[in-house]
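# Summary of the model geometry
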Amino acid sequence: MPDETSPTATIDADSPYRLPRTVVPSRYDLMLEPDLVAFTFAGTCDTVVEVVEATLTVVCNAIELEVSSAFAEDEAGTRVEATSISLDEESERLTLTFGSALAPGTWMLHTTFTGILNDKLHGFYRSTFTDDAGVDQVIATTQFEATDARRAFPCWDEPDFKAVFGITLAVPADLTAVSNAAEVSRSPRDDGKHVVRFADTMSMSTYLVAFVVGPLEITEAVDVDGTPLRIVYPVGKGHLTGYALEVGAFCLRFFADYFGVPYPGDKVDLVAVPDFAFGAMENLGCITFREALVLVDPDEVTQPELQRVTDVIAHELAHMWFGDLVTMKWWNGIWLNEAFATFMEMLATDAFKPEWDRWSDFGLSRTAAFDTDSLESTRPIEFEVVSPTDAEGMFDVLTYEKGAAVVRMLEQYLGANPFREGIRHYIKSHAYGNTETTDLWDAIESVTEEPVRAIMDSWIFQGGYPLVTVDLVNDGNVLRLGQERFGYAGDLGEGDPDASSELDQQRWQVPTIFSQSADDIVTFEKVLIDGDSIEVDMIEAVDWVLANTEGTGFYRVAYAPDLRAALVAKAQTDLSPIERYGLVDDAWAAVLADRMTAVDFLTMLDGFADETDLSVWQRIVGALGSLDRLVDAAARTALQHHTAALLRPAFERLGIEPATDDSDRDRELRGVLVGALGILGDDHAIQEGARNLLAFVERDAGGEGAPVDPSVLAASINVVASSGDAADFDAFHASFAAAATPQEELRYLYALADFRQSELIDRLLAMCVSDEVRTQNAPYLLARAMGNRDQGARAWAFVRDNWDTLNERFPSNSIVRMLSGIRTLSEPEVAQDVYAFFEEHEVPQGDKQLAQHLERLEVNVALRVRDREVLSHHLTR
Ligand SMILES: [Zn+2]
């Protein structure tokens, strides 16, 4: 059951991860001088602190720094030297001991230190790229969340030690330097270097500090209601910056209006970094991105690629308020920070491009969250975080996607306007401060007078989610809505019966919006299911009832058979795309839960031949891909024919050539169908067409030929990979190396993992540990290779055999993401090998996610054991 109070409301004074509160910083004046040749840096830091009680020692955070001197000076100018400087690498703490006690009051602490520009993509690190002239270039950049500011300067590296930062960088004269705030001066020094000084920041957490130095160019600033917005990028990529400026300007205005508070910094730079462990990072005013998530030519990318750029820019800008201006007290609050920014990203993208139907597409993200949350090894959204390593495990699908989905559920249940009023109240009352999760619920509760905290606690402090059961009783006069915990059937006889009966007892406060149709008039109603079940009196006989209107609830639905049949029959005429999506998605989950057979599922899909929506087809294709892994030989051929027959009418309605009135979603649907027909349908005509298209693009590079639709092009790349040979592999390899845009580069790179021949996969696997593939991409490439239907086991064996090398080489946060590839394996022998390996090996920074990957694999094996024979028989009968 939910905890009554937030788990880390008080600070444990003995925790090795929490600094003493007796010395509190309020301002840092930081001077850094990076050496981009020797990969080192030198620095000094003046920190203004308030000494609360007299002390001989000052303790703060530092790691991988050589601190050579330190002293303290009081307001009268009395100077006290540090007699001992000790850095404990284990606890990541710097202890300064002084010759005489520092009396209570204001002091300035001065430290002098050196450090390294590492290649681990954290702290102050180096990123490299080769410019258009073929010259290798180096950028010094930062990534401090969660606790890596301490690798760049001694600091109080916890989110509630907010302070003002005055940053100065000494850099070679020909290099660009940017940081959180606007540049106030740049002056040459005697040795020829330039000293760049930046304005003071607002009071903020150390994890949001950033500075980037390198051969970078900067766009002209766009004035967004007084805030200058610029894109900072490696030389030569200026032609890819226009879209980010457009989206950035839109989002800055959108959020200032939504939150009712102006942007809190003095400028915004969106900075493209060639090597980046995460997607992007919300450093105040100096947001860093992977190149492919900010540099884009909108005419040359698919709708999902462009939407992703839009989403990520929106997400990071939302953090400027929610996260940067108002910040969590401690890392247990990471989830709310990320969940809310993810929710806001949808809202902003939906406003920016209504035709993308962003909330329908969110169905796929919700599915990803359900897929982990259907496991016994799922976790509550919020959990106690003792060490910062615990918090690393919070950056997952349950934080981002489930978190955003429950926020969306609350918003829709309360109404968008009352919800927004609550958010405005929260941001205004906690600006420049730190909060607990409950502060948000209390703010919304005070505005809406709904039991927000009680509802949300039931979703935040327990894992899993409900299956809402729907039935009409009393001759159709009463609607009964019940709940039970939904779970996949993965237990192969080793589960703990006590644990599973405990799960059966779980209940949620389920904000439910249901719709009903009577005499062709559809009406809606909001109810809260707060116990085992509730009953709602029906005023008249209904044609159908839908228990998750617009798919905004984070729950699945099981209808009584006649109600389900009535819904499926009316799906195409009466239901919205996201509601139809929910029917397919819930049905496939029922297969994994052993509540429906794969055969019945396949039969149900026949009812979707007239489907026209992108998201619904994406879900159908995803499920067909899972079925494709379940069967072999003649049964697989039969499934391919069945798949092609189901998809072809939809494809023919659209046509192969884009029409002028196609929406962006239509264009993308064409790509999805081309990909599915060519790969899952083994359609030779499609494969031939895809090959011809790529040959044309190759011949016509930069030429005068007709423009090629990016969605069809991207799909064709995947089709050719899955049916291609060594010559295709070579061609893709060359296209990857010569790609003109970050998106094109990734398309060819990732498609290399889809080739079906073992010798080609071996080449790909070798690339993953070579300098040819950036360490920011290689883990995801390996994950995709493990998802290769025919070569997944080979890719797994490579990961197993090179485990130490991969752990040494890749960013720490990416190891468990690489292992997400095992979620698609399903052969019992391979699964046994995986389990045996992880009996002996650990991923401490992602232990929860690893347990989920392993259980998800068990679900696949169980499905295979259960349905393979029957489905094969059905297909070949
Ligand atoms: Zn975020």
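Residues numbered from 1 in each chain as written. Predicted model: local features only at pLDDT ≥ 70, side-chain atom pairs only at ≥ 80, totals over all residues. Heavy atoms only, no water.

### Description of the overall build of the protein chain
Counting its secondary structure elements, the protein chain contains 27 helices and 29 strands. Scaling as 2.2 N^0.38, a compact globule of 877 residues should have a C-alpha radius of gyration of about 29 Å, and the protein chain matches this with 28 Å. With the C-alpha coordinates of the protein chain rotated into their principal frame, the extents come out at 90 × 65 × 55 Å. Within the span of the protein chain, comprising 877 residues, buried residues form 59% of the whole. (Helix = DSSP H or I, 4+ residues; strand = E, 2+ residues; numbered from the N terminus. Rg over C-alpha atoms; globule rule 2.2 N^0.38 Å. Buried < 20%, exposed > 50% of the residue type's maximum accessible area, 1.4 Å probe, protein only.)

### Points about the side chain of Ser515
You can see Ser515 is positioned in strand S25 (residues 510–518). What makes Ser515 buried here is its relative accessible area of 2%. At 2.9 Å, the side chain of Ser515 and the side chain of Thr549 are in polar contact. What Ser515 contacts, discounting residues up to four positions off in sequence, is Val522, Thr523, Phe524, Trp544, Val545, Leu546 and Thr549. (Polar contact = N/O pair within 3.5 Å; in protein donor to acceptor, adjacent residues only side chain to side chain. Contact = heavy atoms within 4.5 Å.)

### Considerations on the coordination of the zinc ion
The protein atoms that coordinate the zinc ion are His315 (NE2), His319 (NE2) and Glu338 (OE), at distances of 1.9 to 2.1 Å. In the primary structure, the donors to the zinc ion are separated according to the pattern H-x3-H-x18-E. Of this pair, His315 sits in helix H2 (residues 303–321) while Glu338 sits in helix H3 (residues 334–352); the two residues are 23 residues apart in sequence, bridging distant segments of the chain. (Donors = N, O, S within 2.8 Å, 3.2 Å for Na, K, Ca; no water.)

### Looking at the pairing of strand S27 (residues 533–537)
Here S27 shows a buried face lined by Ile534 and Val536 and an unburied face lined by Ser533, Glu535 and Asp537. Where strand S24 (residues 478–485) lies against S27, five bridges are found, and the strand directions are antiparallel. When the bridges of S27 are listed, Arg480 appears paired with Glu535. (Pairing = 2+ DSSP bridges.)

### Some points on the confidence of the model for the protein chain
Regions with low pLDDT carry predicted coordinates that are not meant to be interpreted in detail. Averaged over the protein chain, the pLDDT score is 94; the fraction of residues at 70 or greater is 97%. Across residues 1–9 the pLDDT falls below 50, and counting only partners more than four positions away or on other chains, this stretch makes 20 contacts in the model. (pLDDT = per-residue confidence, 0-100.)

### Some points on the sheet that holds strand S23 (residues 466–473)
If you walk across this open sheet you meet the four strands as S27-S24-S23-S29, and the pairing is mixed. At either end of the open sheet lies a strand with only one pairing partner, and these are S27 and strand S29 (556–559). This sheet shows a mean twist of 25° between the axes of neighbouring strands, independent of strand direction. Across eight bridges, the pairing between S23 and S24 is antiparallel. Following the sheet pairing, Val473 is matched in S24 by Val478. (Axes fitted to C-alpha atoms, helices over the stretch in contact; angles between N-to-C directions.)

### Some words on helix H9 (residues 452–460)
Taken across its nine residues, H9 has seven buried, putting it largely inside the fold. Those residues of H9 not exposed but buried are Val452, Ile455, Met456, Asp457, Ser458, Trp459 and Ile460. Elements that come into contact with the buried residues of H9 comprise H3, helix H6 (397–414), helix H8 (437–448), S23, S25 and strand S26 (521–529).

### Some thoughts on the environment of Phe198
You can see Phe198 is positioned in strand S13 (residues 194–198). Considering only alpha carbons, one finds Phe198 and Arg186, 12 residues apart in sequence, at a separation of 9.0 Å. Other than its neighbours up to four places away in sequence, Phe198 contacts Ile167, Leu169, Ala177, Val178, Ser179, Ala181, Ala182, Glu183 and Val184.

### A look at the pattern of salt bridges
Under the defined criterion, the tally for this structure stands at 60 salt bridges. A salt bridge links Arg151 to Glu64, with the nearest nitrogen and oxygen atoms 3.3 Å apart. A residue pair is termed long-range when its members are at least 10 positions apart, and Arg151 in the loop between strand S9 (136–143) and strand S10 (164–171) and Glu64 in the loop between strand S3 (55–61) and strand S4 (65–74) qualify at 87 residues. By relative accessible area, Arg151 is classed as buried at 12%. Within this structure, Asp628, Asp632, Arg636, Arg756, Arg789, Asp790 and Arg868 form a network of salt bridges that share partners. (Salt bridge = Lys/Arg side-chain N within 4 Å of Asp/Glu carboxyl O.)

### Some thoughts on the sheet that holds S13
Within a beta sheet, neighbouring strands are joined by backbone hydrogen bonds and run either parallel or antiparallel to one another. Read from one edge to the other, the open sheet built from 10 strands follows the order S3-S6-S5-S4-S7-S2-S1-S10-S13-S12, with strand pairing classed as mixed. If you trace the sheet from one side to the other, it starts and ends with S3 and strand S12 (183–188), each paired once. In this sheet, neighbouring strand axes are inclined to one another by 20° on average, regardless of whether the strands run parallel or antiparallel. Strand direction decides the pairing type here: S12 and S13, joined by five bridges, are antiparallel. Bridge pairing in S13 places Arg186 opposite Val196.

### A closer look at the packing of helix H19 (residues 726–738) against helix H21 (residues 758–767)
Close contact between H19 and H21 brings their axes to 10 Å; oriented N to C, the two are set at 25°. Taken as axis vectors, H19 and H21 run roughly parallel relative to one another. Touching Ala726, Phe729, Asp730, His733 and Phe736 of H19 are Leu760, Arg763, Leu764 and Met767, all from H21. Residues belonging to the contact of H19 with H21 are distributed by class as follows: six nonpolar, one polar and two charged. (Parallel < 35°, antiparallel > 145°, perpendicular 65-115°, else oblique. Nonpolar A, V, L, I, M, F, W, Y, C, P; charged D, E, K, R; others polar.)

### Brief notes about the packing of aromatic side chains
Applying the stated criterion across every chain yields a total of 43 aromatic pairs. Geometrically, the ring pair formed by Phe255 and Phe259 is tilted, given 6.1 Å between the ring centres and 35° between the ring planes. On the criterion of helical spacing, the pair formed by Phe255 and Phe259 is a turn pair, its members being four residues apart in helix H1 (residues 242–259). The exposure classification of Phe255 matches that of Phe259, with both residues buried. Above the plane of the ring of Phe486 lies Arg556, whose end atom (NZ or CZ) is 5.7 Å from the centre. Here the basic side chain of Lys848 rests over the ring of Phe383, its NZ or CZ set 4.2 Å away from the ring centre. (Phe/Tyr/Trp six-rings, centres within 6.5 Å; stacked < 30°, edge-to-face > 60°. Lys NZ or Arg CZ within 6 Å of the ring centre and 35° of its normal.)

### Some thoughts on unusual backbone geometry
Omega for the peptide link from Glu145 to Ala146 comes to 5°, which places this bond in the cis form. Within the element layout of this structure, Ala146 appears in the loop between S9 and S10. One non-glycine residue with positive phi stands out, namely Asp519, at about 50°. Summarising the element assignment, Asp519 is placed in the loop between S25 and S26. Positive phi is not limited to glycine here, since Ala633 has a value of about 55°. Residue position: Ala633 is located in helix H15 (residues 633–654). Given the relative accessible area of 62%, Ala633 is considered exposed.

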